[in-house]
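Single-letter residue listing:
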Protein chains: 2
Amino acid sequence: MEIDTATTSTTWTIGELADEFGVTHRTIRFYEDQGLVTPERRGTARVFHVRDRVRLALVLRGKRLGFDLGQIRRIVDMYDEEPGEEGQLRYFLEQIAARRAELEQRRQDIETTLTELAEVERRARETLTNLH
Amino acid sequence: MEIDTATTSTTWTIGELADEFGVTHRTIRFYEDQGLVTPERRGTARVFHVRDRVRLALVLRGKRLGFDLGQIRRIVDMYDEEPGEEGQLRYFLEQIAARRAELEQRRQDIETTLTELAEVERRARETLTNLH
DNA sequence: TCTTACCTTTACGTTAACGTCAAGGAGAAG
DNA sequence: CTTCTCCTTGACGTTAACGTAAAGGTAAGA
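Residues numbered from 1 in each chain as written. Chains lettered and ligands numbered in written order. Predicted model: local features only at pLDDT ≥ 70, side-chain atom pairs only at ≥ 80, totals over all residues. Heavy atoms only, no water.

Visitor: Explain the environment of glutamate 86 of chain A to me, please; I cannot follow it from the model alone.
Guide: Inspection of the secondary structure assignment puts glutamate 86 of chain A in helix H5 (residues 86-130). When the C-alpha atoms of glutamate 86 of chain A and arginine 26 of chain A are compared, they prove to be 40 Å apart, with 60 residues separating the residues in sequence. When near neighbours in sequence (up to four residues on either side) are disregarded, glutamate 86 of chain A contacts Leu128, Leu131 and His132 of chain B. (Helix = DSSP H or I, 4+ residues; strand = E, 2+ residues; numbered from the N terminus. Contact = heavy atoms within 4.5 Å.)

This is the structure in structure tokens:
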């Protein structure tokens, strides 16, 4: 019997998330092992809440960026870090600065590559028009 | 006896390139296996020319971007593609468009992440000033 | 009650990208 | 000739990030 799926559900099964994000169950379970998501357990079954959904999205974005799961975890964990005391906050800000430096290096690499590819493309188009 | 290292050498040994780029001999040899660099052979020894040096730099930039060696090869090979006939040129332009799409997706992901990290940082700084 | 769909754990298999010996060659210096 | 230094070719080892069976639990519907 159906209980409540009329109101857009605020929890998900592993299969729903897998379908939505285009990954396998195995992948999500692996991420749970790594502590990237922490679904509730009802009996033996996993119940994913909004927090898990958000974190999963962040993880997959990290993967698109080519970070390994270690780096990704460090970034994702920043999103729901507890305030803490001064020393910890300063350390936290250092970490953010480090991640940002990596990201900006990457952005620079991308800009350069895009520029170069544009030049390669220009030459190709030139050769192409010269054929006619 | 020394022969000619006064005039900046236009060729390199595997060790020189390894030192310069901060990778091991093994890595460079592996890249040779994959066809990413194609050093000349003098007897049994490898002699790297400017082309290899450039390609190695491109490969390492690709790695920083988180591409796997397959993707990297596809990008790097574009840099010294021969003109060819029309069909090939059109296919080539398609490939460029595809690589560009990937790179732009990544850039978008980076922008988003940087924006979010800035917000996280702002909140951390706020908490920090409120401590005093 | 039986089937079907979806879930579970356990555990070995796989691929990429090198790391790490092992054993030896080639040439310049002393 | 011996000693270094730097190079060479195998070839097996390692880590990350899952893939892929195997074997079974549970709840809804026919």
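Visitor: Quick question: what am I supposed to make of the packing of helix H1 (residues 14-21) of chain A against helix H3 (residues 50-64) of chain A here?
Guide: Packed helices, taken two at a time, are described by their axes: the angle between them and the distance between them. Residues and elements named next belong to chain A. At their nearest, the axes of H1 and H3 sit 12 Å apart, and the two run at 35 degrees to each other. Viewed along their axes, H1 and H3 form a crossing whose handedness is right-handed. For the pair H1 and H3, contact is made by Leu17, Glu20 and Phe21 and by Arg53, Leu56, Ala57 and Leu60, respectively. (Axes fitted to C-alpha atoms, helices over the stretch in contact; angles between N-to-C directions. Left-handed = near helix turned anticlockwise from the far one by under 90°.)

Visitor: Would you mind going over the side chain of glutamate 121 of chain B with me for this structure?
Guide: Relative to the helices and strands, glutamate 121 of chain B resides in helix H5 (residues 86-130). Once residues within four sequence positions are removed from consideration, glutamate 121 of chain B is found in contact with Leu93, Ile96 and Arg100 of chain A.

Visitor: Please clarify how the pattern of salt bridges should be interpreted in this entry.
Guide: A side chain of one charge can pair with a side chain of the opposite charge if their charged atoms are brought near each other. Under the counting rule described, the total for this entry stands at 36 salt bridges over all chains. The salt bridge partner of arginine 99 of chain A is glutamate 102 of chain A, with a shortest N-O separation of 2.5 Å. A residue pair is termed a helical-turn pair when its members lie 3 or 4 positions apart in one helix, as arginine 99 of chain A and glutamate 102 of chain A do in helix H5 at three residues. Arginine 122 of chain B serves as the salt-bridge partner of glutamate 119 of chain B, at 3.2 Å between the closest nitrogen and oxygen. Pair noted here: glutamate 119 of chain B and arginine 122 of chain B are both in helix H5, with a separation of three residues, about one helical turn. When its relative accessible area of 41% is taken as the criterion, arginine 122 of chain B is described as partly exposed. Residues participating in the shared-partner salt-bridge network are Arg51, Arg55, Asp77 and Asp80 of chain A. (Salt bridge = Lys/Arg side-chain N within 4 Å of Asp/Glu carboxyl O. Buried < 20%, exposed > 50% of the residue type's maximum accessible area, 1.4 Å probe, protein only.)

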